[in-house]
Every structure is written in structure tokens, then in C-alpha cells.
Amino acid sequence: VGGLVRGGVAVLRGVRGVGQSVRRLGKGELGARARVSGGAHELAALGRTFNDMADSLAARHGEALEAESRLRALSARLQVARETEARRIARELHDEIGQVLTRLKIDISRLPASCRPERSPEECTEALRRGVDEAQEQVAAAVDLVRRLSSELRPSVLDQLGLASALEWQAREIEERTHLAIHVEAEEIEPPLDWLISVTLFRVAQEALTNVIRHADAEKVDITLERSGDEVTLSVEDDGRGIATTEAESAESLGIVGMQERALLVGGRLSIRGEPGRGTTVSVTVPLRPGNERDHAPAPG
């Protein structure tokens, strides 16, 4: 009888111990664990099961905290990227369009002086004609600048003709203002890509090309776009100096971080491979549609 009583007391203590651990865990003490005695009896199994559950919960909580930290970091980096882009646009508006419009204003203000009393009607007409021609040239220059800025923000060709044509347009635009030779081999994807996928791939290509211009010291670039099964892969390969592993893995490069985060947002993956003196290849592979299957309405890229 004494043994049965002692056994019952031990079981009761074990049950109470598990119960206390459950209550502590319920209050948020993720380190709460039940004491598990040796043996294979049911109480020991219950304690082990509870501890396994608590370990799993603590791990999920840690992952949630890590994900929250990454989201905060992402939000901060995106804010920096937005502010950087806003500064760039503001600088171009001020330095280029602002100067053109200022010159135009000055030239127009001088037009009345073209017809001084001592001038003949023919001289007045000729002076006015020259002034108007110069003003028209400056207006045309301002219009071209606005169109270029608009195309950089979101090229109309991307919406009108698709990603392949947009990549070709971007290549030709860069060739006109740099020494780079850019070859594009891009197939039109059928059915047409979701707008978010198209914008993501186009922006990654833009950033990769920007890095080539700024850092690679390259002469030629090959851009390829191809479908394989339910995925689409975009590659930008240059023949420049080759990115170092430390650069490719750097968390301080907003350009690389931006490409990685764009890919992740649509369920894709980015790889950057470089070999000293033999160039760099940036590749991004994404699903044909974003992970979220709901319909998407076009929005700025």
C-alpha cells in the first residue's frame, strides 16, 4: 500500500509539474519546460511531448522575430531607395529642365527688344524669327528631358509591347550614351507575364546595367530572357572586371540588396557570379506568376 501511495504522489507531482509548465508557457515564458523523469511510462512521454512542442513554439517565435526584423530592415532600405530616387529626379529637374526653362524665360523676355525703333520691319521680323526658333529648340529639349525621365520611371514600351521589347529599348538607350555594346536575346513569353513579374525583371535588368556602367569597366553585355517550365529567367552578363565575392554578398550595396528584395517579393531567386577579369553574371529566376494568385492591377514600377 505504501508503494502505491508513493507512486500516486509521484504521478500527482509529475502532473502538477507539467501543468505548471503549461501555464508558464501560456503566459509567454517560452523557456518553460517540464521535468521529465527517466523511463517510458506515459507521464514521461507526456513531458517529452510537451517539451518538444515548447521547443517548436520557441523556434517559430524566433523565426517570427527574425522575419519582423528583416521586414523593418527592408522597409528602411526601401525608404532610402525611394529618397535616393527622389533626389536624383529632383536634381535632374533642377539641373537640366530648370536650366532650359530659365534660359527660355530670359530669351522670351528679350524678344521685344528685337524690334527697336531704329530697325526696319525686315530686320525686326528676322530677329523675331531667330528668337522664336531658339525658343522652340529649348522647348523641344525640355520635352525630351521630360520624356526621358518618364521613360526611366516607367517606360511605356513595357506596357505597350512587353518585356522583351522593353529590354531591347533599354539596351539601345544605353548604347546611345555609353561605349557599351549590348546584345539582347529575349523571347516573348506566352501567355504574357503578369505586370508585377515584368516590372520586377525590367528593374533588375536596369540595376544590373547601371552597375555595369558604374563599376564593371566592360565593353559588351549579353541580356537573355527565356522561359523554362513554370519559371522565367533573366540574365545580364558582362565582360568586365568581375565582381568579388565580398561585393556580391555585401549588405551595404543598395543596388544588390534592391535586386534581391525585388526577386524575393515575387517568389524568385537572384544569383550573382563573378570571376576576376572575366566578367559578372546577374541572373534572376521567377515563377510565371507571383506567389499571390489574385489579380493585379498595373501600378508604377
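Residues numbered from 1 in each chain as written. Predicted model: local features only at pLDDT ≥ 70, side-chain atom pairs only at ≥ 80, totals over all residues. Heavy atoms only, no water.

Novice: Would you mind going over the sheet that holds strand β2 (residues 220-228) in detail, with residue names and values included?
Specialist: The five strands lie next to each other as β1-β2-β3-β5-β4, forming an open sheet whose pairing is mixed. In the strand order of this sheet, the two ends are held by β1 (181-186) and β4 (269-274), each with one partner. If you compare each strand with its neighbour and ignore which way they point, the axes differ by 10 degrees on average. Pairing analysis gives six bridges linking β4 to strand β5 (residues 280-287), with the strands arranged antiparallel. Across the sheet, Leu270 pairs through a bridge with Val284, a residue of β5. Along the sheet, helix α5 (residues 163-177) makes contact with β1, β2 and β3 (231-238), crossing β1 at roughly 175 degrees. Seen against the sheet, helix α6 (residues 195-216) touches β1, β2, β3, β4 and β5 and runs at an angle of roughly 10 degrees to β3. (Pairing = 2+ DSSP bridges. Helix = DSSP H or I, 4+ residues; strand = E, 2+ residues; numbered from the N terminus. Axes fitted to C-alpha atoms, helices over the stretch in contact; angles between N-to-C directions. Contact = heavy atoms within 4.5 Å.)

Novice: Explain unusual backbone geometry to me, and be specific about the residues and the numbers.
Specialist: With an omega dihedral of -5 degrees, the bond running from Glu190 to Pro191 counts as a cis peptide bond. If you check the backbone angles, Asp217 has positive phi at about 55 degrees while not being a glycine. Here Asp217 lies in the loop between α6 and β2.

Novice: Tell me about the packing of α5 against α6, and name the residues and values.
Specialist: A pair of packed helices can be characterised by two numbers: the angle between their axes and the separation between those axes. α6 packs onto α5 with a crossing angle of 20 degrees between their chain directions and a minimal axis gap of 10 Å. Classified by the angle between their axes, α5 and α6 sit roughly parallel to one another. As α5 packs across α6, the resulting crossing turns out to be right-handed. Contact residues: Leu163, Ala166, Leu167, Trp169, Gln170 and Ile174 in α5; Ser198, Leu201, Phe202, Ala205, Gln206, Leu209 and Ile213 in α6. A class-by-class count of the residues in the contact of α5 with α6 yields 10 nonpolar, three polar and no charged. (Parallel < 35°, antiparallel > 145°, perpendicular 65-115°, else oblique. Left-handed = near helix turned anticlockwise from the far one by under 90°. Nonpolar A, V, L, I, M, F, W, Y, C, P; charged D, E, K, R; others polar.)

Novice: Please set out a negative patch on the surface residue by residue, giving values where relevant.
Specialist: A cluster of acidic residues, Asp217, Glu219, Glu237 and Asp239, forms a negative patch on the protein surface. On the basis of relative accessible area, Asp239 is assigned to the partly exposed category, the value being 32%. (Patch = residues over 30% accessible without salt bridge, like charges linked within 9 Å, V, L, I, M, F, W, Y side chains within 5 Å. Areas by Shrake-Rupley, 256 points an atom, 1.4 Å probe, with all protein chains shown as cover. Salt bridge = Lys/Arg side-chain N within 4 Å of Asp/Glu carboxyl O. Lys, Arg positive; Asp, Glu negative; His and termini not counted. Charge placed at Lys NZ, Arg CZ, Asp CG, Glu CD. Buried < 20%, exposed > 50% of the residue type's maximum accessible area, 1.4 Å probe, protein only.)

Novice: Tell me about the nonpolar core, residues and numbers included.
Specialist: Core analysis: the biggest nonpolar cluster contains 40 residues, and Leu167, Ile182, Leu201, Ile223 and Leu234 have the highest contact counts within it. Elements supplying a minimum of two residues to this core: α4 (156-160), α5, β1, α6, β2, β3, α8 (254-265) and β5. The biggest single contributor to this core is α6, with 11 residues. Excluding anything up to four places from it in sequence, Leu201 contacts Leu163, Leu193, Leu225, Val232, Leu234, Val284 and Val286. Val18, Ala32, Phe50 and Ala54 belong to the second-largest nonpolar core, a separate cluster that totals six residues. (Core = buried A, V, L, I, M, F, W, Y, C linked by side-chain atoms within 4.5 Å.)

Purely spatial values, then, with no claim about function.
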